[in-house]
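Residue-level structural notes
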Amino acid sequence: IMARLQEVATGAGIRVTEEALLLIARAAEGGMRDALSLLDQARAMADEQVEGEHIRTMLGAVGGERIALLLDYLLRHDLAGVLQLVAELVEEGKDLRQFVRDLQEYLRDVLVVRVARDADRVLRTSPQYWERLKAQAEALSPRQAQLWLNILAEAEDGMRWSQQPRLLLELALIKSLTQESETQGAELQQQLARLQAELEQLRTAGPPVNAVVSGRTPVAARPVARGKKVALPPADPLALNQVLEGW
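Residues numbered from 1 in each chain as written. Predicted model: local features only at pLDDT ≥ 70, side-chain atom pairs only at ≥ 80, totals over all residues. Heavy atoms only, no water.

**Structural notes on the pattern of salt bridges**
Charged atoms that come close allow side chains of opposite charge to pair. Within this structure, the stated rule accounts for eleven salt bridges. Salt-bridge contacts for Glu 92 lead to Arg 66; the nearest nitrogen and oxygen are separated by 3.2 Å. One end of the pair, Glu 92, is in the loop between helix H6 (79–91) and helix H7 (96–115); the other, Arg 66, is in helix H5 (residues 64–75), and 26 residues separate them in sequence. Overall, Glu 92 belongs to the partly exposed group, its relative accessible area being 44%. (Salt bridge = Lys/Arg side-chain N within 4 Å of Asp/Glu carboxyl O. Helix = DSSP H or I, 4+ residues; strand = E, 2+ residues; numbered from the N terminus. Buried < 20%, exposed > 50% of the residue type's maximum accessible area, 1.4 Å probe, protein only.)

**What about empty space enclosed by the protein?**
Under the criterion given, the structure shown has one cavity of 30 Å³ or more. Estimated volume of the largest cavity: approximately 140 Å³. Around the largest cavity, the lining is made up of 15 residues, and of these Leu 23, Arg 26, Gly 64, Ile 67 and Thr 125 lie nearest the centre. Counting only elements with at least two residues in the lining of the largest cavity, the list comes to helix H2 (18–28), H5 and H7. Residues of the lining of the largest cavity, tallied by class, amount to six nonpolar, four polar and five charged. (1 Å grid on protein atoms, 1.4 Å probe; cavity = no way out; pocket = protein on both sides within 12 Å on 5 of 7 lines; lining within 4 Å. Points joined across faces, edges and corners; volume = space filled by probe spheres on them. Nonpolar A, V, L, I, M, F, W, Y, C, P; charged D, E, K, R; others polar.)

In structure tokens, the structure reads:
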């Protein structure tokens, strides 16, 4: 879609940035007619060149800096920062559902960078954020990214019909932070239960026969060294009688 948009823009004498083309293509969701319509609207809005900011204004979308900042807050478990950013988006009249979609796209790229080599060719995020995105990927496990993506997908679907998109977004972000801790806690409980079961099995079975401890042969298995018999002198009757009387 981006290549076709660039071809149309060049033919019509429209100057458009790569970021703007990327945002249009993403917003069109595979529809060429919708993409061309967005390009035409952006052309009417722009003076000389269609920029990414023109497309965001049209869509009520949020800049990549704010999306990256929200992920920073999530990685630091900064709930206050997360909620403050959401409040700012509401005050600015941003489309919260579009914000969730953009956040999903960003997290998708973080996951791709985390698990794939030479991921630059398939990234959807604007190149100006790639270095920051790659740094965040180092701090985010694939499992955690997938968990957050699932939570956001559920929230985005619910926001389609809800009259309280802000509440759904805030709940989803809070869940992203708390569910991770719960998942880790459950994993630790499972590991502890497994170790306790193994310990109980060892106690029930008892020590193995002929076990070797610290590289030493068990006492029962070692031969007993036998020396020569020593002849003892005969007992003294007088001394024996004294012992008996004292007893």
